[in-house]
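Close look at the chain arrangement
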Amino acid sequence: MSNTKEYPLYISPAILEMLGPSLYTNIYYVLSELIANAYDADAHNVYIIETDKAIIVEDDGIGMSYQDVLNKYLKVAQETRTTKEESYTPSGRLRMGRKGIGKLAALAVSENVKVLTISGDEKSGFILSRKVKDGKLEPIQEEEIIFHKVKGNGTSVQMINPQYSLNKGIDTVKRNILKMFPIVNKDFKIHIIKNNKEEIIEDFDKTVISELAVLMTFGKYSYLSNDFVIEFEDIKKDILKIREPIIEKIKLKNRNGQLIDKDLIIEGWIGAYKSTRGRKTSTEEFPDNFISLFSNGKLGEFNILPLIGQNRLQEVYVVGQFFIDLFEDTDLPDMALTNRQGYKSDDIRYITVKNRLRDLLVEIVDMRERYADRKDIENRIKELENKKAKEIEFKQSVEAFTKNVANEITEKLEDIQKKEYAADLITKIIYKHSPSLSLKPIIEASKKKILISQTEADRDLSEVIYQMLIYNGVPKHDIIYTNSLDQEARIPEGYSIYKYLRDFFVESISNKKMYVIYVTSEKMSHQWGAVTEVGANWITQGAHKIFNIHPFRPKHPLDDESEWHNSIRVNNDLQMKEVAADIFCVKIEDICKKLGYKHKTRAENLKKLSSLVTIIN
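Residues numbered from 1 in each chain as written. Predicted model: local features only at pLDDT ≥ 70, side-chain atom pairs only at ≥ 80, totals over all residues. Heavy atoms only, no water.

Turning next to the overall build of the protein chain. Within the protein chain one finds 15 helices and 22 strands. Across the 617 residues in the protein chain, those meeting the buried criterion constitute 48%. Across the protein chain, the fraction of contacts at a sequence separation of at least 24, relative to all contacts at a separation of at least 6, is 70%. With an accessible surface of roughly 31600 Å², the protein chain has 50% of that area assigned to carbon and sulfur atoms. (Helix = DSSP H or I, 4+ residues; strand = E, 2+ residues; numbered from the N terminus. Buried < 20%, exposed > 50% of the residue type's maximum accessible area, 1.4 Å probe, protein only. Contact = heavy atoms within 4.5 Å. Areas by Shrake-Rupley, 256 points an atom, 1.4 Å probe, with all protein chains shown as cover.)

Next comes the structure, spelled out in structure tokens:
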């Protein structure tokens, strides 16, 4: 017996009340859906208008006839493209829509939404509502179907009494829209009208590219490199990379379950900001560090960065947009989530893209670190040049001070009758001219305070000294240690150790000297650089301490009469006897005390030292 029963499925209008407010979590996702609908309608202009009572999205697309409204727009969740022919608009644009749910986006903003449309001579209008009476939407009379900006064909979606609002600043609105919908050009413009001001978006926000420190482009997005500002020509190849599209060959099941070969093509760009300071002007603005995924020009996932990142410090500077049209290939199963805020995580297309972007993220972070190193060198050179200028200015001030005091005392000599009067007069004159020496504390505060004089051959002991100084609160930038892995402690690129010492210590008129730590050994005694540093300190009569490697014996002009610290090497292993370890800590603590740093306790220092070097009985 054949089964002749029919089981029709009826969807209650109440689904609109349940789905509308929950599908979209932000008004810009809603705007993105409505802009995409305008794009699919072959619009050339979209107007986003905020009034006292509504947020309106109006376009000059082909509009909808009454039959289009009935057979397409009001059939919720009816797939809009199932064939290659349906994948393109009449003008040849690749369609963005697919699920037939984007029309509900406006219900996330307003309980009642006016939909007005004109196609040819036909006008249609109704109120899309979360609460539908008797299964029918309330119609809008033809004489009430009036557009704000568009003349002729088009559609206007008016979100009445919206529960969300746009940002106060029109620039912020523009930036947020571009993050969600970057596909704008002279053939598809977005107009923002707010507070009687209008902003037209007809190009990608090139200010983003101009604020990047590093940039990689792929495929047709190479044109963005024209707006990239190359700050350092000497590392151009490290901070700007223009590449062909990424192509991955993968096997997929089509809509019929057949296994087919496809090319997964990734185009777009990724970069890292020079600085993120000052870019985000509102708490409602989308973050500046993100990697977005688009397909057919439509946003699929705003930020994949948390899924592929490794929590490296430089990741906070990263920004990028990638376009993968295979995600929306009509021949393949739909992989987008219903709310267009993500993709199915187990789809091979998504997994492949994540893996490739994870590699690119590592590369762009390394590029940003290369830029940061070069920028740091630049900043340190500028800092030294500024210090040198202040040294010259200070020297001129001292010379002027000396001359003025001498001249004025000479003029007063004839009036001097008593020694007491002379002393008082000289004191007053010196006080009078002392403001000319105001640069002295500024110069002295900016100077390096400690020099670790050493050779590469004795780097093991030098590194222990350096780490112990850091442990006791000495900032890296207060130390000169030429073999340090920390760039802050090295002499900046472009300066030699000898030029630095000559400019800021030997020839400086400021009497503040560096505290020099000498790492002495047999090998050091044959190194010209180390001997030069000994001479520089002897000339300036600066304080110093000796950390020696046995069996070498330090010699004059070093203070060879005071107790020095001794380390020993056994089969290239640096070792200290317990007494020597204690002497080591005493010297480190004394250096910190004399230079004004609050050092650790002896027990803490001995414990730390034992983690850095072998201590023997």
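Having put the structure on the table, let's press on.
So, about the pattern of salt bridges. Following the criterion strictly, the structure yields 33 salt bridges and no others. For the salt bridge of Lys274 with Glu231, the shortest nitrogen-to-oxygen distance reads 3.9 Å. Taken together, the residues Lys274 in the loop between strand 12 (259-273) and strand 13 (291-295) and Glu231 in the loop between strand 9 (212-218) and helix 6 (236-239) connect sequence positions 43 residues apart. For Glu231, a relative accessible area of 29% translates into the label partly exposed. Across the salt bridge formed by Lys241 and Glu363, the nearest N and O atoms sit 3.3 Å from each other. In this pair, Lys241 is assigned in strand 10 (residues 240-243) and Glu363 in helix 8 (residues 348-412), connecting sequence segments 122 residues apart. (Salt bridge = Lys/Arg side-chain N within 4 Å of Asp/Glu carboxyl O.)

Turning our attention to the sheet that holds strand 2 (residues 54-59). Strand pairing in a sheet takes place through backbone hydrogen bonds and is either antiparallel or parallel in direction. One open sheet holds the eight strands; their spatial order is 5-4-3-6-2-1-7-8, and the pairing between them is mixed. Only two strands of the sheet have a single partner each, and these edge strands are strand 5 (138-139) and strand 8 (197-201). Relative to strand 8, strand 7 (residues 189-194) is paired through five bridges, and the arrangement is antiparallel. In the sheet register, His191 faces strand 8, and the bridge partner there is Ile200. (Pairing = 2+ DSSP bridges.)

Before going further, it helps to spend a moment on helix 11 (residues 459-471). The end-to-end C-alpha separation of helix 11 is 18 Å, in line with the 18 Å expected for 13 residues at 1.5 Å each. Along helix 11, the residues classified as buried are Leu461, Ser462, Glu463, Val464, Ile465, Tyr466, Met468 and Leu469. Following helix 11 by one or two positions, Gly473 has its phi on the positive side, about 95°. (Expected span 1.5 Å × (residues − 1).)

Attention now goes to a negative patch on the surface. Together, Asp121, Glu122, Glu142, Glu143 and Glu144 line one region of the surface with negative charge. With respect to the secondary-structure elements, Asp121 resides in the loop between strand 3 (112-119) and strand 4 (122-129). Of the residues examined, Asp121 reaches a relative accessible area of 84% and is grouped as exposed. (Patch = residues over 30% accessible without salt bridge, like charges linked within 9 Å, V, L, I, M, F, W, Y side chains within 5 Å. Lys, Arg positive; Asp, Glu negative; His and termini not counted. Charge placed at Lys NZ, Arg CZ, Asp CG, Glu CD.)

In this section: the side chain of Glu58. Locating Glu58 in the fold gives a position in strand 2. Polar contacts involving the side chain of Glu58 include one to the main-chain amide nitrogen of Val150, which spans 2.9 Å. Polar contacts involving the side chain of Glu58 include one to the side chain of Ser156, which spans 3.3 Å. Those residues in contact with Glu58 that sit more than four places away from it in its chain are Asn45, Val46, Tyr47, Phe147, His148, Lys149, Val150, Thr155 and Ser156. (Polar contact = N/O pair within 3.5 Å; in protein donor to acceptor, adjacent residues only side chain to side chain.)

Before going further, it helps to spend a moment on a nonpolar patch on the surface. Side chains of Tyr66, Leu70 and Leu74 sit close together on the surface and give an oily, nonpolar patch of about 250 Å² of accessible area. Counting through the fold element by element, Leu70 comes out in helix 3 (residues 66-73). On the basis of relative accessibility, which here comes to 32%, the residue Leu70 falls in the partly exposed class.

With that out of the way, let us pick up the confidence of the model for the protein chain. Predicted confidence across the protein chain gives a mean pLDDT of 81, with 79% of residues reaching 70 or more. This model gives residues 437-446 a pLDDT under 50, and the stretch forms 17 contacts once residues within four places in sequence are excluded. (pLDDT = per-residue confidence, 0-100.)

With respect to the helices, strands and loops of the structure, Ala105 is situated in the loop between helix 3 and strand 3. On the accessibility criterion, Ala105 (0% relative accessible area) is buried. Sequence-distant contacts of Ala105, defined by excluding residues within four places in its chain, comprise Tyr24, Val30 and Glu33.

With six of its six residues buried, strand 15 (residues 318-323) lies for the most part within the structure. In strand 15, alternate side chains face the same way, and those of Val318, Gly320 and Phe322 on one face and Val319, Gln321 and Phe323 on the other are all buried. Here strand 12 pairs with strand 15 via six bridges, running antiparallel. Considered in strand 15, the bridge of Glu267 is made with Phe323. Sheet topology note: the strand 13/strand 15 ladder contains four bridges and is parallel. Counted as the bridge partner of Leu293 is Phe322 from strand 15.

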